[in-house]
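# Examining the three-dimensional arrangement
Listed below are the residues making up each chain.
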Amino acid sequence: MVGAGAAGLYAALCAAREGATVVLISATPLAQTASYWAQGGLAAALAADDSFELHLADTERAGRALVRRSAAEILVREAPACVHDLQALGVRFDGDRSGRLALGLEGGHSVRRVVHAGGSATGRRVVRQLSALVAAEPRIAVFEGARARALWRSEDHCRGLICDDGRIILVARAVVLGTGGAAALWARTTNPPGSQGIGLLLAHAAGAALADLELLQFHPTAVIGLAGREGFLVTEAIRGEGATLHDGNGERFVDELAPRDEVSRAIQLRLQETGQRSVGLDMRAIDPAHFPNVVASLREAGLDPMRELIPVAPAAHYMMGGIVADLHARCTLPRLYAVGESSCTGLHGANRLASNSLSECFVFARRAVLDALSEPMPASAPARLQEIEALHTLSSPPPATAQTRDALWRDAGIVRSAEGLHRLLDDPHPLAQLLARGALERAESRGAHQRLDHPERDPALDRHHFVLAGDGSGSWQRWV
Ligand SMILES: Cc1cc2nc3c(=O)[nH]c(=O)nc-3n(C[C@H](O)[C@H](O)[C@H](O)COP(=O)(O)OP(=O)(O)OC[C@H]3O[C@@H](n4cnc5c(N)ncnc54)[C@H](O)[C@@H]3O)c2cc1C
C-alpha cells in the first residue's frame, strides 16, 4: 500500500481485516496529507429526503456530461455503508439534536448529504482514528518517511516496488497506490506541498495508462493575501450554511451554491473586471461553533470572520484525472491498483461534486482490496536490487520548482489557450508536460477545463475521456 491518506489507511485496514499482511509506506507525515486537511466531509445519501438516484443525478450534473455512470453508481450506492463502517471503526461523526447524523449542504448538492466530524475538522478526525487503528494492527507494517521510487514490473504485471534508494524492496501480490493528487503543482493551491502527482508518474513509467489529465478543479474560496494562510481553504459547507460572496462594491454576483467550476469562473471574471485580487466571503451570520478550525485559523492570522469579510479567490484543489482505474480500482497494468485522488475511474467527470472524493477513497479502497486478495501469492523476493530484471526506474522528478508552479498557474489555470499550453510542453517537469498535452487534446470548454480558443462545449466529446496509453508510445486515445 503506498500512501497513508484516507484511501491508503482504509485500504490497509480492509486488507488486514481480511487476514492479509500489509506493508504501508508513506512519504509524508499524516498532517501533510490532503485527507488530513479535508474540511467539509463525505457525501452519502443518508437523509430521508435523499436517494441514490438523487446523489447520482447531482454527481452527473456537476460532472458536465463526462461522468462515468457505472463508477458513480457504485459510489452513491456504497458510500452509506462506508460511513457506517467508519462509525464501527470508531470515527465519531457529528450528530444532530435527535442523535442522527448531522448532514451538511454543499455546492451542487440538491439536499443535505455531507457527513462531517468536529464541524470542519472531518479529515483530521477520520485520519487520526484510522491511523491509530493501523498502528495497533499487527498485520500492518508501516514505513513512515519511505518514498516509492519505482514500481517493479515483470511478466507484464506489477510484482512490487522499490523505495528510497533501493533500501526497501517490496514484493507483493498486489500494489495499491493511494498517492493523492497533483494540485500542488500549481502556484496557488489548497493542497499540501507533497500533492505533486508522483504516483501518476510511477504508474505510467511502469506501463499504466493515465486519463483526464486536463481536468483539475479550482476551489472557489481559498484565502488570499493573509500572511501565513495563503491558499487556506474555506470550506464550501460554510456557503451551504448561508455565507455569501461579494465583489469590491459589496454586490453578490453568483449563486454561491452552484457547482465549483461555475463559482470559480464567476469569481475569476469578476476579479478580471474589477482588477482586484480577491472577493469577500461574508460568514458573519454563521455560527462559529460549527466551523471551529476555520474560525480559529483565520483569527490566528489576524482576521476575525465574525466581524469582517474573508478575502478569497480560486486555487488549484483537486485532480479529477489520474491513473486509469476500473470499477475494482484495477489499473491497466495487472496487479496494480489505484485508489483515492491518484486514480481516475471517471466518476467525477469534468467537475467533482463537493465531498464525493473522501467517499470515493473509502468505496474504491475497499473494492481494490477485495479484488487484490484474489491475486496469487508472489514468488520469493529478490535478494538484491540487481536481480530485478525489469526495473522501471523513475528518474525521480524533484519537487516542482517555483517556475513550473507559476507556469502551470499561468498556462493551465482556470482559463487556458493553445498558446500557453504549447509553452508548457517545454516545461522541465514531466507531469506538467503531460497535463499540457491532455489539455491540448481536449479542444473544447467543459467543467474545470476552459479554453479561451475553444469556448464552447463540444457535444461530440460528451462521455469521451482522453487516455495516455501506458505502452510508452506517448499516444493518446479517446475512451467512451
Ligand atoms: C484543504 C482541502 C480540503 C478538502 N476537503 C474535502 C472534503 O471536505 N471532502 C472531500 O470529499 N474531499 C475534500 N478534499 C479532497 C480530499 O481531501 C482528497 O481528495 C483526498 O483526501 C485524497 O486522499 P488520498 O488518500 O487519495 O491522498 P492523500 O490524502 O493526499 O494522501 C497521499 C499519501 O500518499 C503518500 N505518497 C505520495 N507519493 C508517495 C510516494 N512516492 N511514496 C510514498 N508515499 C507517497 C503521501 O505521503 C500521503 O501519505 C479536500 C482537499 C483539501 C486539500
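Going by the structure above, here's the rest.
Please read all numbers here as calculations on a predicted model, not as lab measurements.

### A few points about the overall build of the protein chain
Scanning the protein chain from terminus to terminus reveals 13 helices and 20 strands. The C-alpha radius of gyration of the protein chain comes to 21 Å, within 12% of the 23 Å expected for a compact globule of 480 residues. The principal-axis extents of the C-alpha atoms in the protein chain amount to approximately 65 × 55 × 40 Å. Counting all 480 residues of the protein chain, 61% fall into the buried class. Restricting to contacts in the protein chain with at least 6 residues of sequence separation, those with at least 24 account for 70%. When the accessible surface of the protein chain is summed, it comes to about 18,400 Å², and 50% of that surface belongs to carbon and sulfur atoms. Treating the 49 positive side-chain charges of the protein chain as one cloud and the 54 negative ones as another, the clouds have centres 3 Å apart.

### Here we look at the site of the ligand
If you check the shell around the ligand, you find 37 residues, and the closest are Thr28, Ser35, Gly40, Glu341 and Ser357. Note that an oxygen atom of the ligand is positioned 3.1 Å from one of the backbone N or O atoms of Ala7. The contact in question runs from a nitrogen atom of the ligand to an N or O atom on the side chain of Ser355, over 3.4 Å. Those elements giving two or more residues to the shell around the ligand turn out to be helix H1 (6-17), strand E1 (22-26), helix H2 (34-37), strand E14 (310-319) and helix H10 (356-372). Counting residues per element, the shell around the ligand draws most heavily on H10, which supplies four residues. Of the residues assigned to the shell around the ligand, the class counts are 15 nonpolar, 19 polar and three charged.

### Examining the packing of aromatic side chains
Tallying each qualifying case throughout the model produces two aromatic pairs. For the ring pair Tyr10 and Phe362, a centre distance of 5.1 Å and an interplane angle of 85° mean the geometry is edge-to-face. With Tyr10 in helix H1 and Phe362 in helix H10, this residue pair connects regions lying 352 residues apart in the sequence. Each member of the pair, Tyr10 as well as Phe362, carries the same accessibility label: buried. Summarising the aromatic geometry, the rings of Phe218 and Trp409 are spaced 5.8 Å apart at their centres and angled 70° between planes, so their arrangement reads as edge-to-face.

### Considerations on helix H5 (residues 122-136)
Residues separated by three or four positions in an α-helix point in the same direction, a consequence of the helix having 3.6 residues per turn. In this model, H5 (15 residues) spans 22 Å end to end at C-alpha, consistent with the 21 Å of a helix rising 1.5 Å per residue. Along H5, the residues classified as buried are Thr122, Gly123, Val126, Val127, Leu130, Ser131 and Val134. Angular distribution of buried residues about the axis of H5 spans 130°; they occupy a single face of the element. Structural note: H5 exposes Ala135 and Ala136 on the side pointing more than 90 degrees away from its buried face.

### Description of a positive patch on the surface
A grouping of Arg92, Arg124, Arg125 and Arg128 is seen on the molecular surface, where their side chains present a positively charged patch. By the secondary structure assignment, Arg125 is in helix H5. With a relative accessible area of 45%, Arg125 lands in the partly exposed category.

### Re the state of the cysteines
Linking two cysteines covalently via their sulfur atoms produces the bond known as a disulfide. Enumeration over the complete set of coordinates arrives at zero disulfides. Left without a disulfide partner, Cys344 is nearest to the cysteine sulfur of Cys331, which lies 11 Å away. Take Cys344: its relative accessible area is 5%, and that puts it in the buried class.

### So, the sheet that holds E14
Sheet architecture is open: four strands sit in the order E11-E14-E13-E12, paired in antiparallel fashion. Of all strands in the sheet, those with a lone pairing partner are strand E11 (216-223) and strand E12 (244-246), marking the two edges. Going across the sheet, the axis of each strand differs from the next one's by a mean of 45°, ignoring polarity. Across three bridges, strand E13 (residues 279-282) lies against E14 in antiparallel orientation. By the bridge assignment for E14, Gly280 is matched with Pro311.

About the thresholds
- Residues numbered from 1 in each chain as written.
- Predicted model: local features only at pLDDT ≥ 70, side-chain atom pairs only at ≥ 80, totals over all residues.
- Heavy atoms only, no water.
- Helix = DSSP H or I, 4+ residues; strand = E, 2+ residues; numbered from the N terminus.
- Rg over C-alpha atoms; globule rule 2.2 N^0.38 Å.
- Buried < 20%, exposed > 50% of the residue type's maximum accessible area, 1.4 Å probe, protein only.
- Contact = heavy atoms within 4.5 Å.
- Areas by Shrake-Rupley, 256 points an atom, 1.4 Å probe, with all protein chains shown as cover.
- Lys, Arg positive; Asp, Glu negative; His and termini not counted.
- Charge placed at Lys NZ, Arg CZ, Asp CG, Glu CD.
- Near = heavy atom within 4 Å.
- Polar contact = N/O pair within 3.5 Å; in protein donor to acceptor, adjacent residues only side chain to side chain.
- Nonpolar A, V, L, I, M, F, W, Y, C, P; charged D, E, K, R; others polar.
- Phe/Tyr/Trp six-rings, centres within 6.5 Å; stacked < 30°, edge-to-face > 60°.
- Expected span 1.5 Å × (residues − 1).
- Arc of directions from axis to C-beta.
- Patch = residues over 30% accessible without salt bridge, like charges linked within 9 Å, V, L, I, M, F, W, Y side chains within 5 Å.
- Salt bridge = Lys/Arg side-chain N within 4 Å of Asp/Glu carboxyl O.
- Disulfide = S-S within 2.5 Å.
- Pairing = 2+ DSSP bridges.
- Axes fitted to C-alpha atoms, helices over the stretch in contact; angles between N-to-C directions.

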